[in-house]
Each structure stands twice: as structure tokens, then as C-alpha cells.
Amino acid sequence: MRMRLTRDVEQEDDGQRELTVEVFVHERRGGVAELQSAGAEWRVRWLRGTADLNRQGSGTATVRVAAPGLYRVRSVASARRAWDAYVEVADAEGALHDTVLGVDEQVPRTTGPTLQVLEERFSITSARAARGPAA
């Protein structure tokens, strides 16, 4: 199973047990993170992979995902634009299956509509709203 993300998600089933995620990165940003709900916040663990970057630090990065869970795939096209795809990976009958929950096009450090829906699903939004604006 493969997945690519530049502006849209492309999926390809190659019969493998693990999901290979390939993203475009700019200036060494972007990649794949595992998201876990930790009370009223997300616990985020960035996954390491291999990168094929040019001298400017742009190119593609590849990460292999072999465990079920919720993942954020960030493709950074420039210093001002990023695309985040949220992917749920499940194990069914000994094979991994991925479901793209949505893609947010955004300026980094903003919360897009797909992430807002996930935060509501995990009861995170209300806690952030109650805390007030960040200083």
C-alpha cells in the first residue's frame, strides 16, 4: 500500500503489509506524525524516514507506517503553504487498511476544518476553546 501527498492524496495498493507514505517537503519541513489523544491535547510523535532532498532542502520524504493508528501527513510546498492529510490506519485480517479522513490546505500553525472535526471527535476542541487565546 502506498500513499503520496502533494496537494491531493493518491493511494495505491501494492499488496504490502505496511503503508509507505511519500510527501513533498520544502526546506526540510513536512513528514508523517502519529497522533494520539492525551486528555485535552494531542500527543504528536514525528516518524523518521528517508529523504531525497536537493541543495535547497526540497524534495520528497518517505516514511513506512506498520502500526494501526491516526496519522497526520504534512506536505510543505513553500514557507507559506502546507497540506495536512489525516489518515486512519486499521489492521483487518492481517493487512493494513488506510482511510483518508480529509485534507486541509493551510498556512502552517492554523487549524483546518478536518483537524477541527477530529478534535471534536476526541473531545479536544472544547478544552482549547475554554483556555482562551494563546499569548
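Below, the structure is looked at part by part. Since we're looking at a predicted model, the values are computed, not measured. (Residues numbered from 1 in each chain as written. Predicted model: local features only at pLDDT ≥ 70, side-chain atom pairs only at ≥ 80, totals over all residues. Heavy atoms only, no water.)

As a further point, take helix α1 (residues 113–121). By the burial criterion, the buried members of α1 are Thr 114, Leu 115, Leu 118 and Glu 119. The arc that holds every buried residue of α1, seen down its axis, measures 140°, which confines them to one face. Facing away from the buried surface of α1 by more than 90 degrees, the exposed residues are Pro 113, Val 117 and Glu 120. Of the residues flanking the end of α1, it is Ser 123, one or two places downstream, whose phi is positive at about 55°. (Buried < 20%, exposed > 50% of the residue type's maximum accessible area, 1.4 Å probe, protein only. Helix = DSSP H or I, 4+ residues; strand = E, 2+ residues; numbered from the N terminus. Arc of directions from axis to C-beta.)

Moving on: the pairing of strand β6 (residues 50–53). Pairing between β6 and strand β7 (residues 59–65): four bridges, direction antiparallel. What sits directly across from Ala 51, in β7, is Ala 61. Connecting the antiparallel pair β6 and β7 is a turn made up of five residues, with Gly 57 showing a positive phi of about 85°. (Pairing = 2+ DSSP bridges.)

Here we take up the sheet that holds strand β4 (residues 31–38). The pairing of strands in a sheet comes from backbone hydrogen bonds and takes either a parallel or an antiparallel form. The five strands lie next to each other as β5-β4-β8-β9-β10, forming an open sheet whose pairing is antiparallel. The sheet terminates laterally at β5 (41–47) and β10 (95–106), the two strands that pair on one side only. Pairwise comparison of adjacent strand axes, ignoring direction, gives a mean angle of 30° for this sheet. Where β4 meets strand β8 (residues 69–76), five bridges bridge the pair, whose relative direction is antiparallel. Residue pairing in the sheet places Glu 34 in a bridge with Tyr 71 of β8. Most of the contacts of α1 go to β10, to which it runs at about 125°, and overall it touches β5, β9 (82–92) and β10. (Axes fitted to C-alpha atoms, helices over the stretch in contact; angles between N-to-C directions. Contact = heavy atoms within 4.5 Å.)

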